[in-house]
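Chains, contacts and geometry: an overview
Spelled out from the first residue to the last, the chains are:
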Amino acid sequence: MSLGAPGLARLVRERAPRLGPVRLVCVDGPAGAGKSTLAERLGQDLGATVIHMDDLYEGWSGLEGGWDRLEEQVLAPLASGRPARYQRYDWVEGAFAEWRDVPVPEHLVVEGCGSAPRALGDRAVLVVWVEAPSELRLARGVARDGEEMRAEWLRWRDLEAAHFAREGTRARADVVVDGTAVLDP
């Protein structure tokens, strides 16, 4: 099943919250696939809070630790109906920086590699997998971050491939989206 942001927003609205009072949507998939673009559009359509896993990873080696921070700092409080807050990672400074408050939203979109591991359980009303060809994803990343980051992108691809193979993320997704396609149906 593949839908654009408006269709995904309709699916989300039709489902009952599963994270306390919050309808959680996870937009997962490999780096450079188009997750951020889709998540921002979906967030606009839903009037949702959007959290980027990039703000929770501890740099280029932080793929696995990002989930633990999301769970502890955001999902657990929201599941209890309490506001949450998370500490944003500053990629330039190479350290965690300011804290960001997350009031209890009706809809929360979490996007990024590793946003929908098995540990998520059934708390998301929708898990979206976004994909695009590997070379296009790499080209997008290098265009955004600069040629000097190519080695980091290549290393990250290996980390995420191992993560997705272990987690079976694509197979567990409710919807698969082509990250090369226009978002509207």
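Residues numbered from 1 in each chain as written. Predicted model: local features only at pLDDT ≥ 70, side-chain atom pairs only at ≥ 80, totals over all residues. Heavy atoms only, no water.

Along its length, the protein chain carries six helices and seven strands. Taking 185 residues into account, the globule formula puts the C-alpha radius of gyration at 16 Å, and the protein chain, at 16 Å, falls close to it. Seen along its three principal axes, the alpha-carbon backbone of the protein chain occupies a region of about 45 × 40 × 30 Å. Relative to its full complement of 185 residues, the protein chain shows a buried share of 49%. Of all intrachain contacts in the protein chain linking residues separated by at least 6 positions in sequence, the fraction that spans at least 24 positions is 75%. For the protein chain, the accessible area works out to roughly 8500 Å², and carbon and sulfur atoms hold 51% of it. (Helix = DSSP H or I, 4+ residues; strand = E, 2+ residues; numbered from the N terminus. Rg over C-alpha atoms; globule rule 2.2 N^0.38 Å. Buried < 20%, exposed > 50% of the residue type's maximum accessible area, 1.4 Å probe, protein only. Contact = heavy atoms within 4.5 Å. Areas by Shrake-Rupley, 256 points an atom, 1.4 Å probe, with all protein chains shown as cover.)

Quick look at the pattern of salt bridges now. In this structure the tally under the stated criterion is 16 salt bridges. The partner of R88 in a salt bridge is E98, and the shortest N-O contact between them spans 2.6 Å. Taken together, the residues span a long stretch of sequence, with R88 in strand β3 (residues 84–90) and E98 in strand β4 (residues 95–102) at a distance of ten residues. Its relative accessible area of 16% is what places R88 among the buried residues. (Salt bridge = Lys/Arg side-chain N within 4 Å of Asp/Glu carboxyl O.)

So, on to the packing of aromatic side chains. For the structure on display, the rule yields seven aromatic pairs. On the basis of an interplanar angle of 90° and a centroid distance of 5.7 Å, the ring pair of Y89 and W91 is categorised as edge-to-face. Centre to centre, the rings of W129 and F164 are 4.8 Å apart; their planes meet at 80°, and the pair counts as edge-to-face. Highlighted residues: W129 in strand β6 (residues 124–131) and F164 in helix α5 (residues 150–167), separated in sequence by 35 residues. Across the pair, exposure class does not vary: W129 and F164 are buried alike. By the ring-pair criterion, three or more aromatic residues cluster together here, those being Y57, W60, Y89, W91, F96, W153 and W156. (Phe/Tyr/Trp six-rings, centres within 6.5 Å; stacked < 30°, edge-to-face > 60°.)

The strand order across the open sheet formed by five strands is β2-β5-β1-β6-β7, and the pairing between neighbours is parallel. Strands at the two margins of the open sheet, each flanked by one partner only, are β2 (49–52) and β7 (175–178). For this sheet, the mean angle separating the axes of adjacent strands, direction not counted, is 20°. By the bridge criterion, five bridges tie strand β1 (residues 23–28) to strand β5 (residues 107–111) in an arrangement that is parallel. (Pairing = 2+ DSSP bridges. Axes fitted to C-alpha atoms, helices over the stretch in contact; angles between N-to-C directions.)

The next subject is the packing of helix α4 (residues 134–145) against α5. Remark: α4 packs on α5, axes separated minimally by 10 Å, with the N-to-C direction vectors making an angle of 135°. Compared by their axis directions, α4 and α5 come out oblique. Handedness of the α4/α5 crossing: right-handed. Listed contacts from α5 to S134, E135, R137, L138, G141, V142, R144 and D145 of α4 are R150, W153, L154, R157 and E160. Considered class by class, the residues forming the contact of α4 with α5 number four nonpolar, two polar and seven charged. (Parallel < 35°, antiparallel > 145°, perpendicular 65-115°, else oblique. Left-handed = near helix turned anticlockwise from the far one by under 90°. Nonpolar A, V, L, I, M, F, W, Y, C, P; charged D, E, K, R; others polar.)

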